[in-house]
Amino acid sequence: MQDSILVTGGAGFIGSNFVLGWMGLSASRVINLDLLTYAGNAENLSLLDGNARHQLVRGDICDAELVGSLLRTHQPRAIVHFAAESHVDRSIVAPEAFLRTNVHGTFVLLEQARRYWSELSEPDQRAFRFLHVSTDEVYGSLGPQDAAFSETTAYAPNSPYAASKAASDHMARAYHHTFGLPVLTTNCSNNYGPFQFPEKLIPLVILNALEWKPLPVYGDGMNVRDWLFVEDHCAAIRAVLERGRAGETYNIGGMSERANIDVVRAICDIVDEMRPQPEGGSRRDLITYVKDRPGHDRRYAIDAAKIARELGWKPAEGFESGLRKTVAWYLEHPGWVERVRTGAYLEWINSNYTERVAL
Ligand code: NAD
Ligand code: TYD
């Protein structure tokens, strides 16, 4: 094996944050396999231009030949698997791509990893890691008084996205149990931070608020998510990769449960402060309740006691400070924003929000 890792989906939101952080902290090479779908953006990695330790390969995780050849050529000591279709609303409109990438793509990676791993020397086999990055959405929805999701909570995925991630988690588990492949799975709560594609709640609301456009809140706005700053997620993944026990799963969460309406109001206040309107006026007036998401999970909350106890990880960033940093990042990167809002983005915004009329 060589001192390199194969990252999938490393041009997306969390993957690019992970790769940028990793390159600053480690001497290993990164082979970054990404299809550059609408959600992938090579510009996220522009700080690494000319850095010989990072190689972006545009390709599909469903392409077994490509994956096998990357593994044989680069002999990585680990695979960190982020690549996925990740947006719940898109999975409701067009689920097939979720089955293809999240389920079949993960299977292809596991199978190619197993073949590569089975040829390694015994010490290299012991050292190898396959880290499968997953979500808390596999556990379904909580009531207001329910205990937070732990690693032993039964799976109950409710959206096509969550079901596809649950299926991939099961396949990852099976490859460890049946073949002994050193697989680790992480189930994380909602992330926010720089480079998030503006189809997700937080960047969408920041950009609409900046432009004085309506801020669409689904249903009654009381759905709760447990928000984690993306750099904290990346730190957790590094901890699991270096010190996690093969075959285990680790829940990762922000200890920051917030109702959507409170998140949206907080963004309004920060944007008002950072970009005040000379005549006054609050972005809160832009809040528009719209038709709910079908099957909308009411509440997610993560019990992150296991990763804290075993690996000493806990989030470093508070929600209010992380949100300020995130708003500031979007305000400071108008060029990035302009370039990700391509024809495909506008098409999605039109199709998702025109029929979601204000309630
Ligand atoms: P994202 O949609 O921003 O990025 C996904 C990346 O995967 C993109 O760069 C895309 O081009 C790439 N990709 C898609 N299909 C591919 C394919 N077939 N082959 C190769 N590359 C492909 O997603 P994200 O928010 O960064 O999420 C990354 C991972 O973390 C996903 O597995 C997601 O399920 C998980 N996760 C996300 C969150 C969150 O809040 N965003 C929370 C928990 C877990
Ligand atoms: P999202 O960012 O899509 O993440 P997820 O569905 O994976 O949790 O949505 C976060 C919450 O915000 C979720 O409860 C749905 C809600 N939401 C809105 O109210 N309005 C919007 O325009 C979007 C995109 C999401």
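In this report, we go over the structure that sits alongside the text. A quick note: this is a predicted structure, and the numbers were derived from the prediction, not measured.

**What about the overall build of the protein?**
Right, on to step 1. A count of helical and extended segments in the protein gives 13 helices and 13 strands.
Right, on to step 2. Its C-alpha atoms give the protein a radius of gyration of 20 Å, near enough to 21 Å, the size a compact globule of 359 residues would have.
Right, on to step 3. Buried residues in the protein amount to 55% of all 359 residues.
Right, on to step 4. In the protein, the proportion of contacts linking residues at least 24 apart, taken out of those at least 6 apart, comes to 82%.

**Some remarks on the site of ligand 1**
Right, on to step 1. Lining the immediate environment of ligand 1, one finds 28 residues, of which Ile14, Asp34, Ser86, Tyr161 and Lys165 sit closest.
Right, on to step 2. Tyr161 places a side-chain nitrogen or oxygen 2.7 Å from an oxygen atom of ligand 1.
Right, on to step 3. Listing elements by their share of the shell around ligand 1, those giving two or more residues are α1 (13-25), β5 (129-135) and α6 (160-179).
Right, on to step 4. By residue number, the principal contributor to the shell around ligand 1 is β5, which donates three residues.
Right, on to step 5. Per-class residue counts for the shell around ligand 1 are 13 nonpolar, 12 polar and three charged.

**Some remarks on the packing of aromatic side chains**
Right, on to step 1. If you walk through the whole model with that rule in mind, you get 18 aromatic pairs.
Right, on to step 2. Plain terms: the ring middles of Phe18 and Phe82 are 5.3 Å apart, the flat faces sit at 50 degrees to each other, and that makes the pair tilted. Taken together, the residues span a long stretch of sequence, with Phe18 in helix α1 and Phe82 in the loop between β4 (78-81) and α3 (88-93) at a distance of 64 residues. The burial state of Phe18 is the same as that of Phe82; both residues are buried.
Right, on to step 3. Centre to centre, the rings of Tyr175 and Phe179 are 4.8 Å apart; their planes meet at 55 degrees, and the pair counts as tilted.

**Some details on the nonpolar core**
Right, on to step 1. Ranked by size, the top nonpolar core spans 71 residues in total, and within it Phe18, Val80, Ile202 and Ile307 carry the most contacts.
Right, on to step 2. Ignoring anything within four residues of it in the chain, the contact list for Val80 reads Ile5, Leu6, Val7, Thr8, Phe18, Leu131, Val133, Ile237 and Leu241.
Right, on to step 3. Of all hydrophobic cores here, the second largest spans 22 residues; its members include Ile61, Ile79, Phe128 and Tyr175.

**Points about the environment of Gly322**
Right, on to step 1. In this fold, Gly322 is placed in helix α11 (residues 319-332).
Right, on to step 2. Excluding residues that lie within four positions of it along the chain, Gly322 makes contacts with Tyr192, Phe229 and Glu317.

**Considerations on the environment of Arg258**
Right, on to step 1. In this fold, Arg258 is placed in strand β12 (residues 257-259).
Right, on to step 2. The exposure class assigned to Arg258 is partly exposed, which follows from its relative accessible area of 22%.
Right, on to step 3. Taking the C-alpha atoms as reference points, Arg258 and Leu311, separated by 53 residues in sequence, lie 26 Å from one another.
Right, on to step 4. Each residue touching Arg258, except ones within four places of it in the same chain, is listed here: Asn223, Val224, Arg225, Trp227, Val263, Phe319 and Glu320.
Right, on to step 5. There is a polar contact of 3.1 Å between the side chain of Arg258 and the side chain of Glu320.

**A word on the site of ligand 2**
Right, on to step 1. Near ligand 2 lie 17 residues; those nearest to it are Glu137, Arg225, Arg293, His296 and Tyr353.
Right, on to step 2. In the environment of ligand 2, an oxygen atom lies 2.6 Å from a nitrogen or oxygen atom belonging to the side chain of Glu137.
Right, on to step 3. In this structure, Asn190 approaches ligand 2 through a side-chain N or O atom, which is 2.9 Å from an oxygen atom.
Right, on to step 4. Coverage of ligand 2 by the protein chains reaches 97% of its 510 Å² of free accessible surface.
Right, on to step 5. For the shell around ligand 2, the secondary structure elements donating two or more residues are α7 (201-210) and β8 (215-218).
Right, on to step 6. By residue number, the principal contributor to the shell around ligand 2 is β8, which donates three residues.

Cut-offs applied
- Residues numbered from 1 in each chain as written.
- Chains lettered and ligands numbered in written order.
- Predicted model: local features only at pLDDT ≥ 70, side-chain atom pairs only at ≥ 80, totals over all residues.
- Heavy atoms only, no water.
- Helix = DSSP H or I, 4+ residues; strand = E, 2+ residues; numbered from the N terminus.
- Rg over C-alpha atoms; globule rule 2.2 N^0.38 Å.
- Buried < 20%, exposed > 50% of the residue type's maximum accessible area, 1.4 Å probe, protein only.
- Contact = heavy atoms within 4.5 Å.
- Near = heavy atom within 4 Å.
- Polar contact = N/O pair within 3.5 Å; in protein donor to acceptor, adjacent residues only side chain to side chain.
- Nonpolar A, V, L, I, M, F, W, Y, C, P; charged D, E, K, R; others polar.
- Phe/Tyr/Trp six-rings, centres within 6.5 Å; stacked < 30°, edge-to-face > 60°.
- Core = buried A, V, L, I, M, F, W, Y, C linked by side-chain atoms within 4.5 Å.
- Areas by Shrake-Rupley, 256 points an atom, 1.4 Å probe, with all protein chains shown as cover.

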